[in-house]
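Chain residues, written in single-letter form:
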Amino acid sequence: MRESAVYLTDDRDLPPEDLRTLVIFQGGNGDWYVQVANRHGRATEGVRLCTSGGASTQAPGLTTAIASAYRAILASQRGEPQPQSQLDLEEEVAAWRARFPEHRFEFGTLARKPIET
């Protein structure tokens, strides 16, 4: 199991005993697990978000959003710069596609598109 991303609420209107923590982690199966725990991050219940079927088909984009939240929280925990957003990455891909329209990305390599006749 990978490291858990933990975010303690910043709700200043609540007494300490009522504060809650968001806990996100990825299981060995690749699925995401999301919990709302007490302020110490201890929980026994949560939601499993399947990356093959389930959440990935019932709510497209949800597992991607949870993965982004996980990376953002971990970066904050570690004092690292925030990762690029999905929008930033999509804009970068669009720019590369516009610059190199005769190429495509296939299986980890850049390949020239076949000439259409």
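Residues numbered from 1 in each chain as written. Predicted model: local features only at pLDDT ≥ 70, side-chain atom pairs only at ≥ 80, totals over all residues. Heavy atoms only, no water.

## Concerning the nonpolar core
Logical step 1: By size, the foremost hydrophobic cluster in this structure holds eleven residues: Ala5, Ile24, Trp32, Val34, Leu49, Ala55, Ile66, Ala67, Tyr70, Ile73 and Leu74.
Logical step 2: Among the elements of the structure, β3 (32–38) and α2 (62–78) are those that each provide at least two residues to this core.
Logical step 3: Apart from residues no more than four positions distant in its own chain, isoleucine 24 is found in contact with Glu3, Ser4, Ala5, Trp32, Tyr33, Val34, Ile66, Ala69, Tyr70 and Ile73. (Core = buried A, V, L, I, M, F, W, Y, C linked by side-chain atoms within 4.5 Å. Buried < 20%, exposed > 50% of the residue type's maximum accessible area, 1.4 Å probe, protein only. Helix = DSSP H or I, 4+ residues; strand = E, 2+ residues; numbered from the N terminus. Contact = heavy atoms within 4.5 Å.)

## Digging into the confidence of the model for the chain
Logical step 1: Mean pLDDT over the chain stands at 86; residues scoring 70 or higher make up 98%.
Logical step 2: Confidence, read as mean pLDDT per element, is least for strand β5 (residues 103–106) in the chain (78) and greatest for strand β2 (residues 20–26) (94). (pLDDT = per-residue confidence, 0-100.)

## Some points on the environment of histidine 103
Logical step 1: Turning to its location among the elements, histidine 103 is positioned in strand β5.
Logical step 2: Separated by eleven residues in sequence, histidine 103 and proline 114 have C-alpha atoms that sit 8.9 Å apart.

## Notes on the pattern of salt bridges
Pairing is possible between side chains that carry opposite charge, provided their charged atoms lie close to one another.
Logical step 1: This structure, assessed with the given rule, holds two salt bridges.
Logical step 2: Notably, a salt bridge pairs glutamate 3 with arginine 78, separated by 2.6 Å at the nearest N-O pair. With glutamate 3 in the segment before β1 (5–8) and arginine 78 in helix α2, this residue pair connects regions lying 75 residues apart in the sequence.
Logical step 3: Owing to a relative accessible area of 39%, glutamate 3 belongs among the partly exposed residues under this scheme.
Logical step 4: A salt bridge links aspartate 31 to arginine 48; the shortest N-O distance between them is 2.6 Å. Here aspartate 31 is found in the loop between β2 and β3, whereas its partner arginine 48 is found in strand β4 (residues 47–49), with 17 residues between them in sequence.
Logical step 5: Assessed through its relative accessible area of 4%, aspartate 31 is described here as buried. (Salt bridge = Lys/Arg side-chain N within 4 Å of Asp/Glu carboxyl O.)

## Here's the deal with the pairing of β3
Logical step 1: In the sheet, β2 pairs with β3 via seven bridges, with the strands oriented antiparallel. The residue bridging threonine 21 from the neighbouring strand is alanine 37, located in β3.
Logical step 2: Here β2 folds back onto β3 in antiparallel fashion, the turn holding five residues, of which glycine 30 has a positive phi close to 90 degrees. (Pairing = 2+ DSSP bridges.)

## What to know about the packing of aromatic side chains
Logical step 1: With the rule as written, the count across this model stands at three aromatic pairs.
Logical step 2: The interplanar angle of 10 degrees and the centroid separation of 5.3 Å between the aromatic rings of phenylalanine 25 and tyrosine 33 together place this pair among those described as stacked.
Logical step 3: Given a relative accessible area of 15%, phenylalanine 25 falls into the buried group.
Logical step 4: On the accessibility criterion, tyrosine 33 (21% relative accessible area) is partly exposed.
Logical step 5: Where tryptophan 32 meets tyrosine 70, the ring centres are 5.0 Å apart and the plane angle is 55 degrees; that geometry is what we call tilted. Here tyrosine 70 lies in helix α2 and tryptophan 32 lies in strand β3, a separation of 38 residues in the sequence. The same class applies to tryptophan 32 and to tyrosine 70, which are both buried. (Phe/Tyr/Trp six-rings, centres within 6.5 Å; stacked < 30°, edge-to-face > 60°.)

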